[in-house]
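Structure assessment
Below are the chains, spelled out letter by letter.
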Amino acid sequence: DNQLSGPIPSTIGNFSALTDLRLHSNKLTGSIPSEIGRLSKLVYLYLHDNQLSGPIPSTIGNLSVLTGLALHSNKLTGSIPSEIEQLNKLEWLYLHDNQLSGPIPSTIGNLSVLTGLALHSNKLT
């Protein structure tokens, strides 16, 4: 719970050994950089409670060991990327309280270890 502001730099993708990224509860703006998909050892990604906007990058599907994804309480738009289905170790997915739209990918049902899912307070169909 800091007062970090501004965008997440694209150079975040250079931290290849990172396993846990917690930038939640700040004042971060801009979009989630696609370079975040280069963090192949990332287990936890907490970006909730910021002012992030734009789409969830499709490169999120590259985070093959991710178990927790919290992007809720931002201003994210667009659809939930189908690449989410590649996160077969994902235990919880929190995307609620954004401005996401479009259909909920049916392939979310294939995430066999998913125990927590929150998609409410969006414009999903």
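Computed from a predicted model, the values in this text were never measured in an experiment.

1. Re the pattern of salt bridges
A complete count under the given rule lists 1 salt bridge for this structure. Between Asp 20 and Arg 22 there is a salt bridge, with its nearest N and O atoms 2.8 Å apart.

2. Details of the pairing of strand 3 (residues 27–30)
With 2 bridges joining them, strand 1 (residues 5–6) and strand 3 adopt parallel strand pairing. Counterpart to Ser 5 in the pairing with strand 3 is Lys 27. As paired elements, strand 3 and strand 5 (residues 51–54) share 2 bridges and run parallel to each other. By the bridge assignment for strand 5, Gly 30 is matched with Leu 52.

3. Notes on the sheet that holds strand 3
Pairing is parallel in the open sheet, where 6 strands are placed in the order 1-3-5-7-9-11. Only two strands of the sheet have a single neighbouring strand rather than two, namely strand 1 and strand 11 (123–124).

4. A look at the packing of aromatic side chains
Within the structure shown, the criterion is met by 3 aromatic pairs. A centroid spacing of 5.6 Å and a plane angle of 65 degrees characterise the contact between Tyr 46 and Trp 92, whose relative ring orientation is edge-to-face. With Tyr 46 in strand 4 (residues 44–46) and Trp 92 in strand 8 (residues 92–94), this residue pair connects regions lying 46 residues apart in the sequence. As far as burial versus exposure is concerned, Tyr 46 and Trp 92 are alike and both buried. Centroid distance Trp 92 to Tyr 94: 5.1 Å. Interplanar angle 25 degrees. Geometry classified as stacked. Overall, Trp 92 belongs to the buried group, its relative accessible area being 18%. In this structure, Arg 22 is placed above the aromatic ring of Tyr 44, and the distance from its NZ or CZ to the ring centre is 5.7 Å.

What counts, and where the lines are drawn
In this convention, every chain numbers its residues from 1, walking through the sequence in written order. Since the coordinates come from a predicted model, pLDDT governs what is reported: local features require at least 70, and pairs of side-chain atoms require 80 or more to be given and counted, while whole-chain, interface and lining totals use all residues. Only hydrogens and water are set aside; all other atoms, that is, all heavy atoms of the structure, feed into the side-chain values. Salt bridge criterion: a side-chain nitrogen from Lys or Arg within 4 Å of a carboxyl oxygen from Asp or Glu. For two strands to be treated as a pair, DSSP must find at least two bridges joining them. Helix numbers and strand numbers start at the N terminus; a helix is a DSSP run of H or I with at least 4 residues, a strand a run of E with at least 2. Stacked, edge-to-face and tilted are the three classes for Phe, Tyr and Trp ring pairs, Trp counted by its six-membered ring, which pair at centre distances within 6.5 Å; planes under 30 degrees apart are stacked, over 60 edge-to-face, the rest tilted. Three exposure classes are used, based on accessible area relative to the maximum for each residue type with a 1.4 Å probe and protein chains only: buried under 20%, partly exposed in between, and exposed over 50%. Here, a charge over a ring is recorded when the distance from Lys NZ or Arg CZ to the ring centre is within 6 Å and its angle to the ring normal is within 35 degrees.

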